[in-house]
Every structure is written in C-alpha cells, then in structure tokens.
Amino acid sequence: MAIYETDEPILYERRAATAWIKLNRPDFANSQNGQMLYALDAAFARAVDDPDVRAIILTGKGRHFSSGHDIGTPGRDADQPAEARRSLWGDHSQLDGAAWAYVREQELYLGLCRRWREIPKPTIAAVHGACIAGGLMLAWVCDLIIASRDAFFSDPVLRMGIPGVEYCAHAFEMHPRVAREFLFLGDRMSAERAYSLGMVNRLVERDALEAEAAAVAERLAAVPPFGLTLAKQVLNQTEDAMGKRTAMDLAFNAHHLAHAHAKMTTGSAISGQTARTIAAGPDEAADRSGKPAE
C-alpha cells in the first residue's frame, strides 16, 4: 500500500495570465507516481478551463525538475487501482501478466502525455537539475523548453533492458544519430548540448529560470489565442504526418515486449534495477565480482 508523503503532489498558482504548475515531490526528486500524474492532469485541465489563463508553465519544486517514474519510493502506487482514469482501458490492477503493465502505462504514461501535448494553450517546461526518463516525457510534451545551465537530460532505461521511455519522441527531439547515442549509452546530456541540438529553446542561469519562463509566457499571452491554438495544432499534425505518432506506437509495443522479456529472464520487469542503481550508472552498478547489480 502506497504511503503518500503529501496530499499536494502538484502545486497550482495563477500569476496574471499564466498558470504555474509545479511538481511537488522534492524529497524524491519529483519522481512521478500515479497520484502526481493524475493531479498534474487535473492542474492542466484547470488551466485550460480558466479563460484568463493564456499560457502554462510546468516546473519542479526543489533541486530537480523530475527524476522520472517512481520505481521505489514509499508513495509508489503502481499496484493500486486508478480511480481517476482518463481512458477506457479499464482497471489495470485487475489484470495479470503483460496486460497489467501494458494497460497501466497506456493510460498513465503514453495516454496522458498525448493528452497534454494537445492542450490548446501554449505550454513551457522550465527545467532545472535532473530531467530523466519520465521527466523527459513531461518536458517533451510542452511547446517550449527553457533550461537552466545546471539542467541535464538522460534516458538510461536500456539498463533495464527497455528501449526508451513510453512517450518515445527521441528521434523527433534530436537527430536520429544523436538519439542513438543518447539511448544506447544512457549518458547525461548537458543543457548546453541540448540547446545546441535544438531540444532546448533557451538557456539561462539557474536564478534567472523563473523570470525567463515568465517573460516568454507573457509574450505568448499577448498572441491571439485561437490563432496560436491553430498554429500548435498544425505543428503537432505535421509531426504526426512525418510519422511521430506511428513511431511512438511501435516504440510503446517494443517497450512492453522488453518488460515481458525482462520479467521472464530476470524475474523483474525492469531487470532488477532501482533508482539508486540507475543513478549510479552502469559501471558503479556492478558489484565487486563484476556482475550487474540485482
């Protein structure tokens, strides 16, 4: 049974025409459990429904934007029914085998991210510190990414035997050859390199991040809203015409084949990895005998 450390995993504030949405699990580097993701969905819906909100900023409280999906905090709630389901996939907790994870992640990860990508108002991710795996998904669904110089990006899930996160947009966020390096090696990408590759729109000092995001949001709020919505829709549909949605469907199915394979061969859907071994890296995750950490 999950033990939640807070009843407010998401903080919401409106400043003038901008909604500020903040991930609020700083003690766990804003790792994403179901409680947080459904609260995030409610916050996005609140911003969309408020006619006075013209732009949305997503950021994180504490040292990091987000360390990814929750794979080991006391608040990990993967086994619990999702009472706030947004799709008709049904209750994953009543399923077994590969269906359990497939249905849960179709709803909670891929489904919600696609829903947020379609938000009709402009969205900005203000990223600092770690933006890892599932953290990438939250940044990538936003229209713009503003990063502080201390930010870094990584998708180390190949250490789990998994070919990338569920919202697998790598080849659209960076050149495919860079995406190969990013995935295959799982190394951290600095904010400077992400900016040089075009994945990040603006790069600022840490203490200027909020002010820069606010200034960009203010400019977006001055743009005719329906025209901006249509422009966003055109760009999203252009990406999909280039194969983004189809590629992501293929990647999602491969992701769950990998989960099933890992479960059959190691007894764990993530090959026995933990948040600590993932953070340590492949070399430090080996014990003195040279065998991978279990």
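Residue positions are given per chain, counting from 1 as you read along its sequence in written order. Residue-level local features of this predicted model are given only where pLDDT is at least 70; pairs of side-chain atoms are given and counted only at 80 or more, and the full residue set underlies all totals for whole chains, interfaces and linings. Each side-chain value is derived from all of the structure's non-hydrogen atoms; neither hydrogens nor water enter the calculation.

Colleague: I tried to follow the sheet that holds strand β1 (residues 10-15) on my own but got confused; where do I start?
Modeller: The strands making up a sheet associate through hydrogen bonds between their backbones, and the pairing can be parallel or antiparallel. Sheet architecture is open: six strands sit in the order β1-β2-β3-β4-β6-β9, paired in mixed fashion. The outermost strands of the open sheet, each flanked by one partner alone, are β1 and β9 (202-204). For this sheet the average axis-to-axis angle between neighbouring strands, irrespective of direction, equals 20 degrees. Here a strand pair is declared whenever DSSP counts at least two bridges between the two strands. A helix here means a DSSP run of H or I that spans at least four residues, while a strand means a run of E at least two residues long, and both kinds are numbered starting from the N terminus. Relative to β9, strand β6 (residues 144-148) is paired through three bridges, and the arrangement is parallel. Residue pairing across strands places I146 opposite R202, the latter belonging to β9. Helix α7 (residues 209-221) rests against β1, β2 (18-23), β3 (55-60), β4 (123-127), β6 and β9 of the sheet, and its axis sits at about 160 degrees to β6. Note on geometry: axes are lines fitted to C-alpha atoms, helical ones only across the stretch in contact, with angles between N-to-C directions running from 0 to 180 degrees. Note on definitions: a residue-residue contact is assigned when non-hydrogen atoms from the two residues lie within 4.5 Å.

Colleague: So what exactly am I meant to see when it comes to unusual backbone geometry here?
Modeller: Phi is mostly negative for residues that are not glycine, and the peptide bonds are mostly trans. Positive phi values are uncommon outside glycine, yet A16 reaches one of about 55 degrees. The backbone phi angle of S271 is positive, close to 55 degrees, even though this residue is not glycine. The topology assignment puts S271 in the loop between α9 (244-266) and α10 (275-280).

Colleague: Sorry, what's going on with the nonpolar core here?
Modeller: A general feature of soluble globular proteins is that nonpolar side chains tend to end up buried together. The definition of a nonpolar core used throughout is a set of buried Ala, Val, Leu, Ile, Met, Phe, Trp, Tyr and Cys residues joined through side-chain atoms within 4.5 Å. In this scheme, a residue with accessible area under 20% of its type's maximum is buried, one over 50% is exposed, and one in between is partly exposed, where area comes from a 1.4 Å probe on protein chains only. Residues L40, L58, W116, V127, F153 and Y167 are the most contacted members of the largest nonpolar core, which totals 62 residues. For this core, the element with the highest residue contribution is helix α1 (residues 34-49), accounting for seven residues. In contact with V127, other than residues within four places in its own chain, are F65, A139, I145, I146, A147, S148, A151, F153 and L209. By size, the runner-up hydrophobic cluster in this structure holds 13 residues, among which are A126, I146, V216 and A217.

Colleague: So what exactly am I meant to see when it comes to the packing of α1 against helix α2 (residues 97-117) here?
Modeller: Working note: a packed helix pair is described by the angle between its axes plus the distance between those axes. Here α1 crosses α2 at 15 degrees, and the two axes come no closer than 11 Å. Classified by the angle between their axes, α1 and α2 sit roughly parallel to one another. Note on packing geometry: the crossing formed by α1 with α2 is left-handed. Facing G34, L37, Y38, L40, D41 and F44 of α1, the residues of α2 in contact are E107, L108, Y109, L112, R115 and W116. In terms of residue class, the contact of α1 with α2 is made up of eight nonpolar, one polar and three charged. Any angle that falls under 35 degrees is termed roughly parallel, while one over 145 is termed roughly antiparallel, one within 65 to 115 roughly perpendicular, and all others oblique. A crossing counts as left-handed when the near helix is turned anticlockwise from the far one by less than a right angle, and as right-handed when that turn is clockwise. Under the scheme applied here, ten amino acids are nonpolar (Ala, Val, Leu, Ile, Met, Phe, Trp, Tyr, Cys and Pro), four are charged (Asp, Glu, Lys and Arg), and all others, including Gly, are polar.

Colleague: What exactly am I supposed to notice about the layout of surface pockets here?
Modeller: Remark: the empty space left among the atoms is shown by a probe the size of a water molecule rolled over them. Size it by volume and the second largest pocket reaches roughly 530 Å³. C142, D143, L235, N236 and E239 are the residues nearest the centre of the second largest pocket, which is lined by 24 residues in total. For the lining of the second largest pocket, the elements supplying multiple residues, two or more each, are β6, α4 (170-173) and α8 (225-241). It is α8 that contributes the most residues to the lining of the second largest pocket, seven residues altogether. Across the lining of the second largest pocket, the residue classes break down as 14 nonpolar, four polar and six charged. Lining residues are those with an atom within 4 Å of a point, where the points come from a 1 Å grid over the protein atoms alone and group into cavities, where a 1.4 Å probe fits but cannot get out, or pockets, open sets with protein on both sides within 12 Å along at least five of seven lines. Grid points are joined across faces, edges and corners, and a volume is the space filled by probe spheres set on the points.

Colleague: Explanation requested: a nonpolar patch on the surface in the structure shown.
Modeller: Think of a patch as exposed residues, more than 30% relative accessible area, with no salt bridge, where like charges cluster within 9 Å and nonpolar side chains (Val, Leu, Ile, Met, Phe, Trp, Tyr) cluster within 5 Å. Accessible surface is estimated by sampling points in the Shrake-Rupley manner with a 1.4 Å probe; for residues, cover comes only from the protein chains shown. By salt bridge we mean one thing: a side-chain nitrogen of Lys or Arg within 4 Å of a carboxyl oxygen of Asp or Glu. Nonpolar side chains collect at one region of the surface, where L158, F184 and L185 lie side by side and expose about 310 Å² of accessible area between them. Note on placement: L185 falls in helix α5 (residues 176-185).

Colleague: Explain the sheet that holds strand β5 (residues 130-132) here, please?
Modeller: Taking strand neighbours across the sheet as the criterion, the three strands line up as β5-β7-β8 in an open arrangement whose pairing is mixed. Edge positions in the sheet fall to β5 and β8 (189-190), since each of these pairs with one other strand and no more. Looking at chain direction, β5 and strand β7 (residues 152-154) are connected through three bridges and run parallel. Following the sheet pairing, A130 is matched in β7 by F152.

Colleague: In this structure, what is going on with the pattern of salt bridges? I would like to understand it.
Modeller: If the charged atoms of two oppositely charged side chains come close together, the side chains can form a pair. Under the definition given, this model contains 17 salt bridges. With its nearest N and O atoms 2.9 Å apart, the salt bridge here joins R114 to D249. Here R114, found in helix α2, pairs with D249, found in helix α9; they are 135 residues apart in sequence, far enough to count as distant. Close ionic contact of E192 with R149 constitutes a salt bridge, the shortest N to O distance being 3.9 Å. With E192 in helix α6 (residues 191-197) and R149 in the loop between β6 and β7, the pair connects residues that are 43 residues apart, well separated along the chain.

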